[in-house]
Amino acid sequence: MEQLRQKKLFLLDIDGTICKGEGLIDGAKAFLETIRQSGGQFIFITNNATRGTRDYIRFFRRLGVETGPDQYITAAYATIQYLKKHCSDRLIYGLTTDSFLQECRENGLRITTSLQSGIDCVLVSYDNQLNYEKIKDVCRLLTEGEPEYIATNPDLVCPVEFGYLPDCGAICNMIETATGKRPRFIGKPEPAMVEYALALTGCSPEQTLVVGDRLYTDILCGVHAGVDTALVLSGEATLQDAAAFAHSPRYLFPSVKELAAAIAPARAAAPAAPQAVSAQVHAV
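This report concerns the structure included in the present document. (Residues numbered from 1 in each chain as written. Predicted model: local features only at pLDDT ≥ 70, side-chain atom pairs only at ≥ 80, totals over all residues. Heavy atoms only, no water.)

### So, the overall build of the chain
Here's step 1: Scanning the chain from N- to C-terminus turns up 13 helices and 16 strands.
Here's step 2: The C-alpha atoms of the chain give 19 Å as radius of gyration, which agrees with the globular expectation for 284 residues (19 Å, within 12%).
Here's step 3: The dimensions of the chain, computed from C-alpha atoms along their principal axes, are 65 × 35 × 35 Å.
Here's step 4: When contacts within the chain are restricted to residue pairs at least 6 apart in sequence, those whose partners lie at least 24 apart make up 69%.
Here's step 5: With the model as given, the accessible surface of the chain reaches about 12300 Å², and the carbon-plus-sulfur share is 50%.
Here's step 6: Here the chain carries 27 positive and 33 negative side-chain charges, and the mean point of each set is 4 Å from the other. (Helix = DSSP H or I, 4+ residues; strand = E, 2+ residues; numbered from the N terminus. Rg over C-alpha atoms; globule rule 2.2 N^0.38 Å. Contact = heavy atoms within 4.5 Å. Areas by Shrake-Rupley, 256 points an atom, 1.4 Å probe, with all protein chains shown as cover. Lys, Arg positive; Asp, Glu negative; His and termini not counted. Charge placed at Lys NZ, Arg CZ, Asp CG, Glu CD.)

### A closer look at unusual backbone geometry
Here's step 1: Cis peptide bonds are those with omega within 30 degrees of zero, and the linkage from Lys188 to Pro189 qualifies with 20°.
Here's step 2: Counting through the fold element by element, Pro189 comes out in the loop between β12 (184-185) and α8 (192-201).

### A short note on the state of the cysteines
Here's step 1: For the structure shown, the criterion picks out zero disulfides.
Here's step 2: The structure places no disulfide on Cys203, whose sulfur is separated from the nearest cysteine sulfur, that of Cys221, by 16 Å.
Here's step 3: The exposure class assigned to Cys203 is buried, which follows from its relative accessible area of 12%.
Here's step 4: The cysteine Cys221 is free of any disulfide, with Cys168 supplying the nearest cysteine sulfur at 16 Å. (Disulfide = S-S within 2.5 Å. Buried < 20%, exposed > 50% of the residue type's maximum accessible area, 1.4 Å probe, protein only.)

### Let's talk about the side chain of Asp127
Here's step 1: The topology assignment puts Asp127 in the loop between β8 (119-124) and α6 (132-144).
Here's step 2: Only 2.7 Å separates the side chain of Asp127 from the side chain of Lys134, close enough to count as a polar contact. (Polar contact = N/O pair within 3.5 Å; in protein donor to acceptor, adjacent residues only side chain to side chain.)

### So, the environment of Arg182
Here's step 1: When you line up the elements, Arg182 lands in the loop between α7 (168-179) and β12.
Here's step 2: Residue Arg182 is classed as partly exposed on the basis of its relative accessible area, which comes to 45%.
Here's step 3: Taking the C-alpha atoms as reference points, Arg182 and Arg58, separated by 124 residues in sequence, lie 34 Å from one another.
Here's step 4: Setting aside residues up to four positions removed in sequence, Arg182 forms contacts with Tyr149, Asn173 and Glu176.
Here's step 5: A polar side-chain atom of Arg182 sits 3.0 Å from a polar atom in the side chain of Asn173.
Here's step 6: At 2.8 Å, the side chain of Arg182 forms a polar contact with the side chain of Glu176.

### Structural notes on the pairing of strand β13 (residues 208-212)
Here's step 1: Most of β13 sits out of view: five of its five residues are buried.
Here's step 2: Across four bridges, the pairing between strand β1 (residues 9-12) and β13 is parallel. Looking at β13, one finds that Phe10 is bridged to Leu209.
Here's step 3: When β13 meets strand β14 (residues 228-232), the two strands line up parallel, connected through four bridges. By the bridge assignment, Gly212 is partnered in β14 with Leu231.
Here's step 4: Once you follow β13 into helix α9 (residues 215-225) and on to β14, the crossover reads as right-handed. (Pairing = 2+ DSSP bridges. Right-handed = clockwise from strand over helix to strand, strands pointing away.)

Structure representation (structure tokens):
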């Protein structure tokens, strides 16, 4: 596991990797502290667009984890950067949470939640305030016109305490069934968030590890960005899924609790390392 101990930048998914629902996964807080103690840094790269950066800082503070605004690169952030570049002068209809709407407006985007003339862009995200009227509005806009159609992320489900909820990808599948239209997805597995993180920190791809619980978003994002990946089995993916996936993760762990043991400084991990690694860690 010496190669893991050389990593300096850990790009972490949140839902299913660090948290489930409103709580931390067992060992997650200690894992984040291990990164800091080993001289590394972590940035959350999440496809969850229900919270803005300020909301995430407050959320993690309630869980006893202090973070700063430079430790978050969300699908919402990546989508806003795309919209600012390509749709800055357009009127956008947003099927999104109030938090994401506010973040869009703070970045100068013209975004509305009501049908009106002049809409020529549709934005869909994971929306835990979803209602059927929003679905109806989007279907009408996509059926009666040809607006640019953007979505934050292709995740099908979002892990919660009792199992899963439909995520942005599932919402978009429902809309596609009704309209035949499919959006341009901005978040993972596209490499943009990893590229933002490398530019922000100055770290190289060789120093970086993407950690997540989904093969088709987290792991594929790392592959597209040319960085090593670690799959944890605390969320969506199973061991069988990993074995069948075309792009194998470089490392596989039951959860970040075991990953923490693998990246701990050698002097701290030495007494238990041989047994722990052979029993709990799979390098693919």
